[in-house]
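Structure assessment
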Amino acid sequence: MAKHVLVTGGAGFIGSNFADELINMGYKVTIIDNLSTGLKENINPKAIFIKGDVKKPKDVEKCFKKRIDVIFHIAGCASTIKSFHDPAADLFTNVLGTINIINAAIKFKVPRLLYASSMTSYGVPDKIPIKETMSTRPISYYGITKYAGERYCLATGLRKDLSFKLNVTAFRMFNVYGRRQSLTNPYQGVVSIFIGNVLRGEPITIFGDGEQSRDYVHIKDVTRAWINAIDNEKSFGEVFNIGSGTRMSINNLVDFILRAFGKSRKNYKVIYKPERPGDQKHMQADISKAQKLLNWQPKIKFEDGMADTINWAKETWYK
Ligand SMILES: NC(=O)c1ccc[n+]([C@@H]2O[C@H](COP(=O)([O-])OP(=O)(O)OC[C@H]3O[C@@H](n4cnc5c(N)ncnc54)[C@H](O)[C@@H]3O)[C@@H](O)[C@H]2O)c1
C-alpha cells in the first residue's frame, strides 16, 4: 500500500513542491497549514488539507485520523529578519510547533520524521564550504529556533524508552529557490524578493555591501534529496547539508536577475542599506555527505533554474 506522508506547511513554497512530487510518485499526502504565508492555490487538490496550526496540539492531532507513515515537517516561520521583530512568534512556531509534531509522532507511532533545518544553524562558519561536523553557533534568532527544532527531532530519534523506533533525518537547506517562492513577501528568499522588485518596477535594496555570498539550490534538487531519503536507512539519525555546493555574491545575483529582465544597473535603481542583524557573510555547503549517503547530486544548473523561476514569475505576475 502507498505510504501516507504528512506535509506540514504544504501550502508554502517548499512544502507545496514536495507535496506535488510525492503525489506524482504515488504517495498519499495530508497537508496541515495555517495559511499564514502559504497559499490555498498551492495546495494539491489530491491532498487531504487540514487548515490548522502546528502550535495547537489539537489541530496537529486531526492529521492522524488516517495512519501516517512519514512526516515531512516543513511548517515554520521562515524569516531571519522577522525573528528579530517578533522572537516569541518565531520561537512558538519553530520550536513549540516542532515539539507538537514530535509528540504526535510518538502518540501515533509514526516511524519516520524528516525535518526542515537551515544553514542558519551554523552562524558564522568556521570555514567554507561548510561541513555538517562544523560548529553550530547560530547568530540569528531564527537560526536558534531552527537549530533547536533540529535537535529536538534528532534527540527524539535517539530515545530508547519509546515502544517503537522513530527514524529522523534533518536537512540543513541553504538558499532554496524556484517556482512558488513568494513574489510579494519581503521577508523571505532573496531570489524571489529581487524578482518581485523588478516585476513591480521597484528599486532593489541590498543590505550590506552586497559582497556576501549564498549557496542557491533549486527546489527540484531539494525535493529529490528529501524523497530519496524516506526509505534510505543510511540517512536515519543524520543531518545533511542541502545546497548546490557553489556560491554567488548578492551583487552578482542582482546583476544576473537584472540581465534576465533585459536591464542593468545603468537603467535600474539598486540601493544599498546597512547590514541587518543575523546576516551571515559567506555561505557555501559542502554536500559530500548527501552525495555519498543519499546518492544525491544537484542537477539543475543555476542559469536553467533561474530561467524557469523567472518565466514562472512573469506568467504568475501578468496573468
Ligand atoms: N526557503 C529556504 O531557502 C529555506 C532554507 C532553509 C530552511 N527553510 C525552512 O523550510 C520551511 C519552509 O520554508 P518556505 O521557504 O517554503 O517558507 P513558506 O513561508 O513558503 O512556507 C512555510 C509554510 O508554513 C506555514 N506555516 C507557518 N506557520 C505555521 C503554523 N503555525 N502552523 C501551520 N502552518 C504554518 C505557512 O503558511 C507556509 O505555508 C521553513 O520551516 C523554513 O524555515 C527554508
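Residues numbered from 1 in each chain as written. Predicted model: local features only at pLDDT ≥ 70, side-chain atom pairs only at ≥ 80, totals over all residues. Heavy atoms only, no water.

Let's shift gears to the site of the ligand. Lining the immediate environment of the ligand, one finds 30 residues, of which Asp-33, Thr-37, Asp-53, Ile-74 and Tyr-142 sit closest. Take Val-54: an N or O atom from its main chain is 2.9 Å from a nitrogen atom of the ligand. Tyr-142 places a polar side-chain atom, nitrogen or oxygen, 2.6 Å from an oxygen atom of the ligand. In isolation the ligand has 820 Å² of accessible area, and contact with the protein removes 94% of it. Put simply, the parts of the chain that give the shell around the ligand at least two residues each are α1 (13–24), β5 (112–118), α5 (141–157) and β7 (175–177). With three residues, β5 is the largest single contributor of residues to the shell around the ligand. Among the residues forming the shell around the ligand, the class breakdown is 13 nonpolar, 13 polar and four charged. (Near = heavy atom within 4 Å. Polar contact = N/O pair within 3.5 Å; in protein donor to acceptor, adjacent residues only side chain to side chain. Areas by Shrake-Rupley, 256 points an atom, 1.4 Å probe, with all protein chains shown as cover. Helix = DSSP H or I, 4+ residues; strand = E, 2+ residues; numbered from the N terminus. Nonpolar A, V, L, I, M, F, W, Y, C, P; charged D, E, K, R; others polar.)

Ranked by size, the top nonpolar core spans 43 residues in total, and within it Leu-22, Phe-72, Phe-171, Met-173, Trp-226 and Ile-242 carry the most contacts. For this core, the secondary structure elements donating two or more residues are β1 (4–8), α1, β2 (28–33), β4 (70–73), β5, β6 (167–173), α7 (219–229) and β11 (238–242). If near-sequence neighbours (up to four positions away) are discounted, Phe-171 is found in contact with Leu-114, Tyr-115, Ala-116, Ser-117, Ser-118, Ala-225, Trp-226, Ala-229, Phe-240, Ile-242 and Leu-294. (Core = buried A, V, L, I, M, F, W, Y, C linked by side-chain atoms within 4.5 Å. Buried < 20%, exposed > 50% of the residue type's maximum accessible area, 1.4 Å probe, protein only. Contact = heavy atoms within 4.5 Å.)

Looking at the second largest pocket, its volume works out to about 320 Å³. Taken together, 19 residues line the second largest pocket, and the ones lying closest to its centre are Asn-17, Glu-21, Ile-219, Lys-220 and Thr-223. Elements with a contribution of two residues or more to the lining of the second largest pocket: α1, α7 and α10 (302–318). For the lining of the second largest pocket, a count of residues per class yields five nonpolar, five polar and nine charged. Counting the residues that make up the lining of the second largest pocket, at least three belong to each of domain 1 (4–176 + 217–242) and domain 2 (178–214 + 246–281 + 301–318). (1 Å grid on protein atoms, 1.4 Å probe; cavity = no way out; pocket = protein on both sides within 12 Å on 5 of 7 lines; lining within 4 Å. Points joined across faces, edges and corners; volume = space filled by probe spheres on them. Domains from an automatic or database assignment.)

Let's shift gears to the environment of Ile-271. Positionally, Ile-271 belongs in strand β13 (residues 270–273). Between the C-alpha atoms of Ile-271 and Gly-243, which are 28 residues apart in sequence, the distance is 28 Å. Apart from the residues lying within four places of it in its own chain, the contact partners of Ile-271 are Pro-203, Ile-204, Thr-205 and Ile-206.

It is worth spelling out the domain arrangement of the protein chain at this point. Looking at the assigned domains, one finds that the protein chain contains domain 1 (4–176 + 217–242) and domain 2 (178–214 + 246–281 + 301–318). Carbon and sulfur atoms supply 57% of the area buried between domain 1 and domain 2, which totals about 1700 Å² over both sides. It is Phe-13, Ile-81 and His-218 that lose the most area in domain 1 upon contact with domain 2, and together they represent 28% of the buried surface on that side. Joining domain 1 to domain 2, the criterion identifies one salt bridge. Across the pair Arg-180 and Asp-20 runs a salt bridge whose closest N-O atoms are separated by 2.8 Å. Elements with a contribution of two residues or more to the side of domain 1 that touches domain 2: α1, α3 (80–85) and β7. Per-element tally for the side of domain 1 that touches domain 2: the top contributor is α3, with five residues. (Buried area = accessible area lost by both parts, 1.4 Å probe. Salt bridge = Lys/Arg side-chain N within 4 Å of Asp/Glu carboxyl O.)

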